Amino acid sequence: MTKLSMTVNGKPVSGNVEGRTLLVDFLRQDLHLTGTHVGCDTSQCGACTVHVNGVAVKSCTMLAAEADGADVATIEGQANADGSLNVIQQAFQDHHGLQCGFCTPGMVMATADLLKNNPTPNEADVRHHLDGNICRCTGYHNIVKAVLAASGQDVDAVAAE
Amino acid sequence: MPKDSGIGASPKRREDIRFLTGLGQYTDDISLTGETHAVFARSQVATGIIKSIDTSAAENMPGVLAVFTGDDFVDVGGNPAGWLINSRDGEPMKEPKRPVLAHGKVRHVGDAYAAVIAETAEQARDAAEAIEADIDEQPAVVDMKSALAGGALVHDEIGTNQCFDWGWIEDNRAATDAAIKSAPHVTTLELVNNRLVPNAMEPRASTGVFDPGTGDYTLYTTSQNPHLTRLLICAFVLGIPENKLRVVAPDVGGGFGSKIYHYGEEALVLSAAKKLGRPVRWTASRSESFLTDAHGRDHVTKIEIACEKDGTFLAFRTETMANVGAYLSNFSTATPTFLHGTLMAGNYTVPTLYVNVKAVFTNTAPVDAYRGAGRPEATYSLERAIDKCAQELGMDPLALRRKNFIKPDQFPYAAAAGLEYDTGNYHALVDKLEELADLSGFEARRAATKATGKLRGIGVNTYIEACGIAPSNLVGVLGSRVGLYDAATVRVNATGNISVMVGAHSHGQGHETAFPQVVADMLGIDEGSIDIVHGDTSKIPFGMGTYGSRSLAVCGSAVVRATEKIINKAKKIAAHMMEASEQDVEFSEGQFSIAGTDKSVGFGDVALKAYIPHNFPIEDIEPGLEETAFYDPANFTYPAGAYACEVEVDPDTGKVTIDRFTAVDDFGNVINPMIVTGQVHGGLAQGIGQALLENCTYDENGQILSASFMDYAMPRASDLPLYTVDHSCQTPCTHNPLGVKGCGEAGAIGSPPAVVNAVINALHSGGHTDVTHIDMPVSPARVWAAMNS
């Protein structure tokens, strides 16, 4: 067993895990942060996307031990301090960018990563960036619009380009 | 000015808040005290005789609590098919037992033959790998044609690989044959409706719990229909009394059909929980989902259209082989028959038609209803063939369709495939499509594309579907072993807020937002004070769940009926409160009043009186304000639509890019336009995915070649366009109280032929007029080969 400690959503946490334990399993099973989901076993679907030291990571591709000492952010820590939805979450609700909700945490985390690095993406940028996040419900139309809205751009104008 | 609440408004979805903040509760998110973990040992060969299974090493591994094999389940029942189909000769279909765990023989890759229960999932996985199974691999049956030709058998005991040989409508066969024989023109098309994997993003998961103190079982499971799952487990498989099993389907991460069915893992975790006295959890890996979830489609079809030289349709004839896989999944026999053959008249006034379907067992995963379920197969073959017919006759594809449409004044219309369509206006749909898709501007766009060296094509089609599944009397005659009503209970609490318990299950459809809109409109109260309860058999009335675009049309109608009962009872109470006659009480906007007087009481006052019945006419009215209604539809509903797709084809690579997609649908009345539009988007993505990307393939030995997201091409954001969606052409359903038709499957039904028609059109514009068809998925390799053959 490996001892580890890290910061998750701003709070220090620690645990004892098998060497083979994935970060996503540590988050879900040990910390009971079940908002991060597992949708595949080949790192294709992106439902498990979290931020590790400020970078979007599919938490099924990383051992928990590799995150020892890291600063980890999950969907549970994304809302505003008063509990209201943050800009990205609100844009997803406003534009009906989710249906069953299973891929949604990963989509929100991937979107935050995109907008950090490219604050005003166009439609093609959004689609390219989200290629590692699969949604089976929405057909992506409303997700693309939600991401553009979260960037503060005029959605219809950007989407029509 | 759009409404901001009630029917026709688009309030934001209330369920989104928990999904967006990580607070959704999916089955695998639920941890229980003392829980254990199940992992299955699955066949790695397509078929083989189980000679022995040595579990001794596994049983002695760390943390292992129990190992089960097929021997442990020989005395329990099989998982049944829900629909009895009779062959043309009157013989009932062949129905081999589908056991909890394979016994004697494995029949597809992934067929489970043992299960390990251990303290942790990792320990269970390690132990499952230590099970020594001596399985003597046998020749596999994979291809349907060879399966019917004789040789190896999937089920030795039934002596054939043919499940049934079904004719529809048998009495029309001779007339159809004669019409085709003598027709001035016959178009023939052979095509494959490719096998798909539903791939809801949440893999299947089940947790079984047994309480030795009460003898009660609880099953948490990823289900679209908890009561149906309970019925199957109790009445057919494990023999548990229904009142001793609670089935809970909490938040479910998409279904698309694959979570309608009962699967053996559910029975295993319940049995194991009883044996161990501890909760038993199982969650599928994505690989297991590919191997064991019910797949979709997989038809090989020949269709003929007989017509006059002017395009007037005379007869349609369809011959289909439908793969049912290694075992009959619950709806697998209904899907290629009564959800397919009955739709083969499409939107048209064809005088006669005949459909023959041979269902075939193969050593592949079971195949069952996947979004659209039979109706996409019908639409695809008919609408592709009509396009080919138009080309052969030199007619515009839309003009040929218009010529044969059922006219608006012909409804209700008894179509040649046996269904009576209540309402529709297909001409209006096509008119709207021409406008929204800017069909008149196509040639200019084609010229612009040509200047870039690419080929632009346009494909159009219409569709009809039968939704709101289903009238129990009718489906009973046709072989259904269950009724297909739904149910709702409206409970007005003493303080005036309302819980609505529904049989439908929401796993993305937004019921928690849309159903309150209906109740709020009827009661004139704030929809925020109305909550929907679903997914738990201990809380909801016996409903049949969510599939077949039925939730609003069937369960929503039950909600309306129950709410009407609430209003009727509340009127009685209000009459007493106002010392007036019940007949004089009027109800509007949440207020009960007596016409011509200033007497009035609010809905909340009546609710309070119902639960604090002081000075209450107990002899005439029961206390409380709670009503249940079951609703069984009088007919199917008949959504219809007209779709247009524009593609660009790169002649150097064969790659197809969708540039524009326009979907015009008639769903009857619409309760929440935002949600309906979202449902169409998702359906379109799945239909376009089928047309361009997705393909589940097995090799000749029955090994699945596309069992991960690295091998199976799921549509991703960059594969798809922004869609133009319209549902303003509304011919309300005449037989349900909301006038709604259902919208969940339309996009997946209507879109594949539009895509393929567009690709063929593009190739013809590039001079490849000899290319009359390309099977789905229309991949770059297939397009390139067609252009260069």
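Rules and cut-offs
In this numbering scheme, every chain counts its residues from 1 along its sequence in written order. Just so you know, chain letters begin at A and ligand numbers begin at 1, following the order they were written in. Local features in a predicted model are, by the rule used here, given only for residues with pLDDT of at least 70; side-chain atom pairs are given and counted only at 80 or more, and totals for whole chains, interfaces and linings are based on all residues. Hydrogens and water molecules were not included; the side-chain quantities draw on all heavy atoms of the structure. Secondary structure elements follow DSSP: runs of H or I no shorter than four residues count as helices, runs of E no shorter than two count as strands, and numbering proceeds from the N terminus. Note that the radius of gyration is over C-alpha atoms, with the globule rule given as 2.2 Å times the number of residues to the power 0.38. Type-normalised accessible area, obtained with a 1.4 Å probe on protein chains alone, sets the label of each residue: buried when under 20%, exposed when over 50%, and partly exposed for intermediate values. Contacts between residues were defined by any pair of non-hydrogen atoms, one from each residue, lying within 4.5 Å. The rule is short: rings of Phe, Tyr and Trp, with Trp giving its six-membered ring, pair when the centres are within 6.5 Å, and they are stacked under 30 degrees, edge-to-face over 60, tilted in between. Think of a nonpolar core as a cluster: buried Ala, Val, Leu, Ile, Met, Phe, Trp, Tyr and Cys residues, connected wherever their side-chain atoms sit within 4.5 Å. Two strands make a pair as long as DSSP finds a minimum of two bridges between them. To get an axis, fit a line to the C-alpha atoms, keeping to the stretch in contact for a helix; angles then go from 0 to 180 degrees between the N-to-C directions. For every domain, the bounds stem from an assignment made automatically or drawn from a database. Two parts placed together each lose some accessible area; with a 1.4 Å probe, that loss summed over both constitutes the buried area. What counts as a salt bridge is simple: a side-chain nitrogen of Lys or Arg found within 4 Å of a carboxyl oxygen of Asp or Glu. Counting of polar contacts relies on pairs of N or O atoms within 3.5 Å, with two restrictions inside protein: one atom must be capable of donating a hydrogen and the other of accepting it, and residues adjacent in sequence are counted only when both atoms are side-chain atoms. Ten residue types, Ala, Val, Leu, Ile, Met, Phe, Trp, Tyr, Cys and Pro, are classed as nonpolar, four, Asp, Glu, Lys and Arg, as charged, and the remainder, Gly among them, as polar. Expected helix span is given by 1.5 Å per residue-to-residue step, counting one fewer step than there are residues.

The helix and strand tally for chain B stands at 19 helices and 28 strands. Against the compact-globule benchmark of 28 Å for 789 residues, chain B has a radius of gyration of 27 Å, which places it among compact chains. Projected onto its principal axes, the C-alpha positions of chain B cover 85 × 75 × 55 Å. Classification of the 789 residues of chain B by burial places 65% in the buried group. In chain B, of all internal contacts separated by at least 6 residues, the share reaching a separation of at least 24 is 80%.

Residue and element names in this part refer to chain B. Inspection of the entire model under this criterion finds 25 aromatic pairs over all chains. Ring geometry for Phe331 versus Tyr547: centroids 5.5 Å apart, planes at 85°, classification edge-to-face. You can see Phe331 sitting in the loop between β14 (313-325) and β15 (352-361) and its partner Tyr547 sitting in the loop between β21 (530-533) and α15 (551-577), a full 216 residues away along the chain. Of the two residues, Phe331 and Tyr547, both sit in the buried class.

Further remarks concern the nonpolar core. Ranked by internal contacts, the top residues of the largest apolar core, which has 191 residues, are Phe92 of chain A together with Tyr421, Phe661 and Leu763 of chain B. By residue number, the principal contributor to this core is helix α18 (residues 746-765) of chain B, which donates 10 residues. When residues no more than four places from it in sequence are discounted, the contact partners of Phe661 of chain B are Tyr643, Ala644, Cys645, Leu684, Ile688, Pro721, Tyr723, Thr724, Ser751, Ala754 and Val755 of chain B.

On to the sheet that holds strand β20 (residues 498-502) of chain B, then. All names here are of chain B. The 4 strands are arranged β21-β20-β19-β25 in an open sheet whose pairing can be described as mixed. In the strand order of this sheet, the two ends are held by β21 and β25 (626-631), each with one partner. When strand polarity is set aside, the average angle formed by the axes of neighbouring strands in this sheet is 15°. Here β20 runs beside β21; their pairing, made up of 4 bridges, is parallel. Of the residues in β21, the one forming a bridge with Ile498 is Ile530. Helix-sheet contacts for helix α14 (residues 511-523) involve β20 and β21, and the interaxial angle to β21 is about 135°. Along the sheet, helix α16 (residues 603-611) contacts β19 (486-492), β20 and β25; its crossing angle with β19, the most-contacted strand, is approximately 90°.

Turning next to unusual backbone geometry. A negative phi angle characterises most non-glycine residues, just as the trans form characterises most peptide bonds. Looking along the chain, the bond that leaves Phe411 of chain B and enters Pro412 of chain B is cis, with omega of -5°. Topologically, Pro412 of chain B is positioned in the loop between α10 (397-404) and β16 (413-414). Backbone torsion omega between Met776 of chain B and Pro777 of chain B reads -5°, so that peptide bond is classified as cis. Despite not being glycine, Asn9 of chain A has its phi angle at roughly 50°, a positive value. Of note in the backbone geometry, Ala373 of chain B takes a positive phi value of approximately 50° without being a glycine. By the secondary structure assignment, Ala373 of chain B is in the loop between β15 and α9 (375-393).

Now for the domain arrangement of chain A. Residues and elements named next belong to chain A. Looking at the assigned domains, one finds that chain A contains domain 1 (2-76) and domain 2 (87-153). Using only C-alpha atoms to locate each centre, domain 1 and domain 2 end up separated by 21 Å. When domain 1 packs against domain 2, close to 1200 Å² is buried across both sides, 60% of that on carbon and sulfur atoms. Counting the surface domain 1 buries against domain 2, the share from its top three residues, His37, His51 and Ile75, is 38%. Linking domain 1 to domain 2 there are 0 salt bridges. The tally of links from domain 1 across to domain 2 stands at 8 residue pairs in polar contact (both at pLDDT 80 or more). Elements with a minimum of two residues in the side of domain 1 that touches domain 2: β3 (49-52) and β4 (55-58). Grouping the constituent residues of the side of domain 1 that touches domain 2 by class yields 8 nonpolar, 9 polar and 1 charged.

Here we take up α15 of chain B. Since the α-helix turns once every 3.6 residues, residues separated by three or four places project in the same direction. For α15 of chain B, spanning 27 residues, the distance from its first C-alpha to its last is 37 Å, which sits close to the expected 39 Å at 1.5 Å a residue. Downstream of α15 of chain B by one or two residues, Glu579 of chain B has phi in the positive range, about 50°.

Between chain A and chain B, the residue contacts involve 46 residues of the former and 54 residues of the latter. Approximately 4300 Å² of surface area, both sides summed, lies buried where chain A meets chain B, with 56% of it carried by carbon and sulfur atoms. With a closest N to O distance of 2.8 Å, Arg136 of chain A and Glu694 of chain B form a salt bridge. Contributing elements (two or more residues each) for the side of chain A that touches chain B: α2 (87-94), α3 (104-117), α4 (123-129) and α5 (141-150) of chain A. It is α2 of chain A that provides the largest number of residues to the side of chain A that touches chain B, a total of 5 residues. Considering only residue class, the side of chain A that touches chain B consists of 17 nonpolar, 19 polar and 10 charged.

What follows is about the side chain of Glu512 of chain B. Residues and elements named next belong to chain B. By the element assignment, Glu512 lies in helix α14. Reaching out from Glu512, the side chain makes a polar contact with the side chain of Arg18 at a distance of 2.9 Å. Those residues in contact with Glu512 that lie beyond four places of it in its chain are Arg14, Glu15, Arg18, Ile532 and His534.

Moving on, we get to the pattern of salt bridges. Residues and elements named next belong to chain B. Applying the stated criterion to the full structure yields 50 salt bridges over all chains. One salt bridge connects Arg18 with Glu512, and the closest N-O pair in it is separated by 2.9 Å. With Arg18 in helix α1 (residues 16-20) and Glu512 in helix α14, this pair connects stretches of sequence that are 494 residues apart. Judged by its relative accessible area of 24%, Arg18 is partly exposed. Linking Glu435 and Lys432 is a salt bridge whose minimum nitrogen-to-oxygen distance equals 3.9 Å.

Turning to helix α6 (residues 226-237) of chain B, a few remarks are in order. Residues and elements named next belong to chain B. The first and last C-alpha atoms of α6 sit 15 Å apart over 12 residues, in line with the 16 Å expected at 1.5 Å per residue. Within α6, 10 of the 12 residues are buried, which leaves it mostly tucked inside the rest of the structure. All of the buried residues in α6 are Pro226, His227, Leu228, Thr229, Arg230, Leu231, Leu232, Ile233, Cys234 and Val237. For α6, the elements touching its buried residues are β10 (216-221), β11 (245-248) and α7 (264-276). Remark: Gly239 follows α6 within two positions and exhibits a positive phi of approximately 70°.

On to the sheet that holds strand β28 (residues 723-726) of chain B. Residue and element names in this part refer to chain B. Taken in spatial order, the 4 strands line up as β18-β26-β27-β28 in an open sheet, and their pairing is mixed. Single-partner strands in this sheet number two, and they are β18 (455-464) and β28. The mean inter-strand angle of the sheet, taken between neighbouring strand axes irrespective of direction, is 10°.

Let us now look at the pairing of strand β1 (residues 2-8) of chain A. Residue and element names in this part refer to chain A. Bridge count for β1 against strand β2 (residues 11-17) is 7 bridges, and the pairing is antiparallel. Bridging from a neighbouring strand, Lys3 pairs with Asn16 of β2. Taking the residues between adjacent antiparallel strands as the criterion, β1 and β2 are bridged by 2 residues, where Asn9 takes a positive phi near 50°. Sheet analysis places β1 next to strand β5 (residues 71-73), joined by 2 bridges and oriented parallel. Its bridge partner lying in β5, Thr7 is registered against Asp71.

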